[in-house]
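Letter by letter, the chains look like this.
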Amino acid sequence: MNTARTLFPGAMGPEGFVSCFDHLIPEAQLRRMIILKGGPGVGKSTFMRRVHAALCPEGQPSTLYFCSGDPDSLDAVAIPHAGLLIVDGTAPHIIDPAIPGARDSILNLGDCLNESAMRPRLAHIKACMADHAACSRRARACLAAACALARDNASLLANATDATHFTRMTRAMIQATLTRDAPPSSHPTVRPVITDAVTPKGELSLIAENAQPRVIRLLAHWAMDVTPVLRQVSQAAQAAGYCVEEHLYPAVPGRILHLGIPALGTLITTSDLLTAEQTFDLAACIPPGSLLRHECALEQGRAGIKLHLHRACAAFAQAKQLHDELESFYVPNMDFGRWQKALEQTLAVLHEEA
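Remember, predicted model here, so these are calculated numbers, not experimental data.

For this particular structure, what's the right way to read the overall build of the protein?
When helices and strands are counted, the protein shows seven helices and 16 strands. A globule of 354 residues ought to have a C-alpha radius of gyration of about 20 Å, and the protein, at 22 Å, matches this closely. Judged by the C-alpha coordinates and their principal axes, the protein covers about 70 × 50 × 35 Å. A buried classification covers 50% of the 354 residues belonging to the protein. Accessible surface computed for the protein: about 16,900 Å², of which carbon and sulfur atoms make up 53%. Where the 31 positive side-chain charges of the protein centre and where its 34 negative ones centre are 3 Å apart.

Structure follows, in C-alpha cells:
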C-alpha cells in the first residue's frame, strides 16, 4: 500500500514564486539533504523517483512534492524514516546547503553533460530561456489581475457580512473542531503547505490526497475569503497545544483555503471534492438582499477572474512547452551511464547510513 502524500512545494503567484521549501520536512527529522543541480532534462525528477522507490519499497510514509510548473515532475521527496530530503535546488527555488558536509550536500547531475557538444547551441538555448521568462512574466501579470479582482470581491462580501452572526459561527466551528482530544505538543507549530495551484494543466487541487479521517466543510459565497475564520480556528488549535497546517493559495497571497490539524485527524476545507462529516454555511452570515446592489460588480469580477486565470494557465502551458524544448538540447548530450552510477553510489551511501 502506497502511503505517499502529495503536495506542491511552491507555486507561482502574482508577486513571484510562493515557496514552502523551508517546510518540506520537520527540522527534527532531517538528517540528510541532497540538493540536485543541473539544467532541464538532466534527470533530476527521475533521480528522485528512483531514490523514493528504493527507500520506500513497502509504501513507507513519505511525501512527494510535485512541480506546479510541470505537475508530472517532482521538485522534492521527503522520506521521514530515513531522515532524508532530496530536492531540486535550481531556479525558481535556488537552494544551497545550510549545513554543508555534515548534513547537506550538492549532487550536480550536470556533470554528466557533454558540454562541448552543447556550446554550438548557445544562441538557441538563450533565446528559449528568454521566451520562457517572458511567458512567466505574462502568467504573473494575469495572476495579478485575477488577484486584484478576487480581493475586491472579497471586500464587498466582507462589508455585507453580519459580523455578529459571523462571530457566532466561528466560535461554533472552533468548538466543533476541538471536541476531539489528543496529546498536545509542547511546541505547537504552524506549517504552511500548498495543495492548490494554477498550473499548465489548469487549476489543480491535491486536497483529496490530503484528507484526514474527519472532514469539516466550509460553505461560502464563491467570492468570500474564509481566511479570517481559518486563522481563528488555527490560533485556537495552537492555543490548545496542536500543530496545524495552513493550506496557502499562492494565486492570492495571504489567503488560506484549508486547515489541517493532524493530531486531531481533522481537515477543514472549502473544497467540494471531499465528503464532510459536518458543514458550516458561512453564506448564511450575509443578510438576504444585502448584495443586490453589488450583483453586477460581483458577476463582472467573477468573469474577469475566470478569464485571467485561464490566460495564466495558457501562459504556463506555453512556458512548459519552452521548457520541453530546452530539455531537447540537454537530453541528447547526457551520459546516462554516468547518471546511473551517480544514482547507485547515492543509494549505496543512503542504505549504509540507514
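Having seen the model, we can carry on.
Explain the environment of C142 here, please?
Counting through the fold element by element, C142 comes out in helix α3 (residues 122-160). Placed 169 residues apart in sequence, C142 and R311 show a C-alpha to C-alpha distance of 6.5 Å. Not counting the four nearest positions on each side in its chain, C142 is found in contact with H308, R311 and A312.

Just checking my understanding: could you explain the nonpolar core for this structure?
When a protein is soluble and globular, its nonpolar side chains tend to lie buried together. Counting 39 residues, the largest nonpolar core has F47, V51, V77, L84, I86, Y330 and W339 as its most contacted members. Going through the elements one at a time, β4 (32-37), α1 (44-55), β5 (62-67), β6 (70-79), β7 (84-88), α3, α6 (295-330) and α7 (336-353) are the ones with two or more residues in this core. Per element, the largest residue contribution to this core is five residues, and it comes from α6.

Would you mind going over the sheet that holds β7 with me for this structure?
Strand pairing in a sheet relies on backbone hydrogen bonds, with the paired strands running either antiparallel or parallel. Pairing is mixed in the open sheet, where six strands are placed in the order β1-β5-β6-β7-β4-β8. In this open sheet, the two edge strands, each paired with only one partner strand, are β1 (4-7) and β8 (104-108). On average, each strand axis in the sheet is inclined to that of its neighbour by 25 degrees, with strand direction left out of account. Looking at chain direction, β5 and β6 are connected through five bridges and run antiparallel. Within β6, the position partnered with T63 by the bridge is A78. Strands β4, β7 and β8 of the sheet are contacted by α7, whose axis makes an angle of about 170 degrees with β4.

Just checking my understanding: could you explain α1 for this structure?
Counting along an α-helix, one turn takes 3.6 residues, and residues three or four places apart therefore face a common direction. Under the 1.5 Å per step criterion, the end-to-end length of α1 is 17 Å for 12 residues, consistent within 8% with the ideal 16 Å. When we look at burial in α1, the residues that qualify are K44, S45, F47, M48, V51, H52 and L55. Considered in projection along α1, the buried side chains sweep an arc of 160 degrees and stay on one side of the axis.

What exactly am I supposed to notice about the packing of aromatic side chains here?
For any pair of aromatic rings, the description consists of the separation of the ring centres together with the inter-plane angle of the planes. Summed over the entire model, instances satisfying the criterion amount to three aromatic pairs. Relative to F21, the ring of F17 has its centre 6.4 Å away and its plane inclined at 45 degrees; by these criteria the two rings are tilted. A residue is classified by how much of its surface remains accessible, and F17, at 26% relative accessible area, is partly exposed. Relative accessible area serves as the criterion here: at 9%, F21 is assigned to the buried category.

Got a minute to help me understand the sheet that holds strand β12 (residues 214-219) in this structure?
Reading across the sheet, the six strands line up as β9-β13-β14-β15-β12-β16 and stay open at both edges, with mixed pairing between neighbours. One side of each edge strand has no neighbouring strand; the edge strands of this open sheet are β9 (190-194) and β16 (278-281). Across the sheet, the mean angle separating the axes of adjacent strands is 20 degrees when strand polarity is ignored. With four bridges joining them, strand β13 (residues 244-248) and strand β14 (residues 256-261) adopt antiparallel strand pairing. Following the sheet pairing, H247 is matched in β14 by H258. Along the sheet, helix α5 (residues 227-239) contacts β9, β12, β13, β14 and β15 (266-269); its crossing angle with β14, the most-contacted strand, is approximately 20 degrees.

Help me understand the pairing of β5, please; the structure alone is not making it clear to me.
Side-chain positions along a regular strand alternate between the two faces of the sheet. In terms of burial, β5 is largely enclosed, as six of its six residues are buried. Residue alternation in β5 divides its side chains into two sets, S62, L64 and F66 and T63, Y65 and C67, and both sets are buried. A loop of two residues connects β5 with β6, the two strands running antiparallel in sequence.

What exactly am I supposed to notice about the pattern of salt bridges here?
For the structure shown, the criterion picks out 11 salt bridges. Where R191 meets E245, a salt bridge forms, and the shortest distance between an N and an O atom there is 3.1 Å. With R191 in strand β9 and E245 in strand β13, this residue pair connects regions lying 54 residues apart in the sequence. Like R191, the residue E245 is buried in the burial classification. Notably, a salt bridge pairs R231 with E246, separated by 2.9 Å at the nearest N-O pair. Highlighted residues: R231 in helix α5 and E246 in strand β13, separated in sequence by 15 residues. With a relative accessible area of 33%, R231 lands in the partly exposed category. The exposure class assigned to E246 is buried, which follows from its relative accessible area of 8%. Beyond isolated ion pairs, a larger network of salt bridges with shared partners links R5, R191 and E245.

Conventions used here
- Residues numbered from 1 in each chain as written.
- Predicted model: local features only at pLDDT ≥ 70, side-chain atom pairs only at ≥ 80, totals over all residues.
- Heavy atoms only, no water.
- Helix = DSSP H or I, 4+ residues; strand = E, 2+ residues; numbered from the N terminus.
- Rg over C-alpha atoms; globule rule 2.2 N^0.38 Å.
- Buried < 20%, exposed > 50% of the residue type's maximum accessible area, 1.4 Å probe, protein only.
- Areas by Shrake-Rupley, 256 points an atom, 1.4 Å probe, with all protein chains shown as cover.
- Lys, Arg positive; Asp, Glu negative; His and termini not counted.
- Charge placed at Lys NZ, Arg CZ, Asp CG, Glu CD.
- Contact = heavy atoms within 4.5 Å.
- Core = buried A, V, L, I, M, F, W, Y, C linked by side-chain atoms within 4.5 Å.
- Pairing = 2+ DSSP bridges.
- Axes fitted to C-alpha atoms, helices over the stretch in contact; angles between N-to-C directions.
- Expected span 1.5 Å × (residues − 1).
- Arc of directions from axis to C-beta.
- Phe/Tyr/Trp six-rings, centres within 6.5 Å; stacked < 30°, edge-to-face > 60°.
- Salt bridge = Lys/Arg side-chain N within 4 Å of Asp/Glu carboxyl O.

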